[in-house]
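# A closer look at the structure
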Amino acid sequence: MKIKKLKRIYVLGPKGTNSEKAIINYIRKNDLEMEVLFTDTLENAAEKVLKDKESAFLWCVAYPNLHNLIFPYLDKLSIEEVFLDDTYEMVLASKSKGKIETIATHPAPAYLCDSSINKCFSTSNADSAQKCLDNTADACITTTEAIKNTDLLVLDNYGSFP
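Given the structure is predicted, the values throughout are model-derived calculations rather than measurements. (Residues numbered from 1 in each chain as written. Predicted model: local features only at pLDDT ≥ 70, side-chain atom pairs only at ≥ 80, totals over all residues. Heavy atoms only, no water.)

### Concerning the overall build of the protein
When helices and strands are counted, the protein shows five helices and eight strands. Going from the N terminus to the C terminus, the protein shows its helices and strands as β-α-β-α-β-α-β-β-β-α-β-α-β. For a compact globule of 162 residues, the expected C-alpha radius of gyration is about 15 Å, and the protein comes in at 16 Å, within 12% of that figure. Along the first, second and third principal axes, the C-alpha set of the protein runs to 50 × 30 × 25 Å. Counting over 162 residues, the protein shows a buried share of 43%. (Helix = DSSP H or I, 4+ residues; strand = E, 2+ residues; numbered from the N terminus. Rg over C-alpha atoms; globule rule 2.2 N^0.38 Å. Buried < 20%, exposed > 50% of the residue type's maximum accessible area, 1.4 Å probe, protein only.)

### Thoughts on the sheet that holds strand 6 (residues 118–121)
Backbone-to-backbone hydrogen bonds join strands into a sheet, with any given pair of strands oriented parallel or antiparallel. The strand order across the open sheet formed by five strands is 6-5-7-4-8, and the pairing between neighbours is mixed. The open sheet has two edge strands, strand 6 and strand 8 (153–159), and neither has a second partner. Averaged over all adjacent pairs, the angle separating strand axes in this sheet is 25°, with direction ignored. Judged from the five bridges that link them, strand 4 (residues 90–94) and strand 8 form a sheet pairing that is antiparallel. (Pairing = 2+ DSSP bridges. Axes fitted to C-alpha atoms, helices over the stretch in contact; angles between N-to-C directions.)

### Focus: the pattern of salt bridges
In this structure the tally under the stated criterion is seven salt bridges. Linking Arg8 and Asp52 is a salt bridge whose minimum nitrogen-to-oxygen distance equals 2.6 Å. With Arg8 in strand 1 (residues 8–12) and Asp52 in the loop between helix 2 (42–51) and strand 3 (55–57), this pair connects stretches of sequence that are 44 residues apart. For the pair Arg8 and Asp52, a shared accessibility class is recorded, and that class is buried. Of the charged contacts in the structure, one is a salt bridge between Glu20 and Lys15, with a shortest N-O distance of 2.9 Å. We classify Glu20 as buried; its relative accessible area is 5%. One connected set of salt bridges, linked through shared partners, spans Arg8, Asp52 and Glu54. (Salt bridge = Lys/Arg side-chain N within 4 Å of Asp/Glu carboxyl O.)

### Points about the pairing of strand 7 (residues 139–143)
In terms of residue burial, strand 7 counts as a mostly covered element, since five of its five residues are buried. Side chains of strand 7 alternate between two faces, with Ala139, Ile141 and Thr143 and Cys140 and Thr142 buried alike. The sheet contact formed by strand 4 and strand 7 spans five bridges and is antiparallel. Of the residues in strand 7, the one forming a bridge with Ser94 is Ala139. Bridge count for strand 5 (residues 102–105) against strand 7 is two bridges, and the pairing is parallel. Residue Ala104 lies in a different strand from strand 7, and its bridge partner there is Cys140.

### Notes on the pairing of strand 5
Sheet topology places strand 5 next to strand 6; four bridges connect them, and they run parallel. Note on strand 6: the bridge partner recorded for Ile103 is Lys119.

### With respect to the sheet that holds strand 3
In spatial order, the strands read 2-1-3; together these three strands make up an open sheet with parallel pairing. Where the open sheet ends on each side, the last strands, each with one partner, are strand 2 (35–39) and strand 3. The average undirected angle you get between the axes of adjacent strands in this sheet is 30°. Summarising the sheet, strand 1 and strand 2 pair through five bridges and their orientation is parallel. When the sheet's bridge partners are listed, Ile9 is paired in strand 2 with Val36. Sitting on the sheet, helix 1 (residues 18–29) is in contact with strand 1 and strand 2, with an inclination near 150° to strand 1. Helix 2 contacts strand 1, strand 2 and strand 3 of the sheet and is inclined by roughly 160° relative to strand 3. (Contact = heavy atoms within 4.5 Å.)

Here's what the structure looks like:
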């Protein structure tokens, strides 16, 4: 499949994920025109791509279930391109500076959490921010982009990762 012929690309959503940032940068750098669509899991993205031959999906090597995207699809999907992009700054955010009993986190950056605090796992970094906003968790590990225009406070900034 030629990348330039693609009409759509699926990324882990909702808006504010590192996957979204990476594909937007990739599209700009390569002067491409395609629609960016969000999906709740990359496994769902793979299924959508199987049904839509003018689409692809972006996955990150830090995705904890990467094996679920490779082995079941060895004969159906192929890796067309590999590229690197830095993440947004990863932060610990909360509605307040009070006690944190539960942190919402995607499994990939969960190592940034204090191991003694309960974790509420989410489907993406942006979903972690939403769980914090919905009071499902006291705090979240998320991206600076996902908390933009919210009332969440940055308690710690871990920086950007390559």
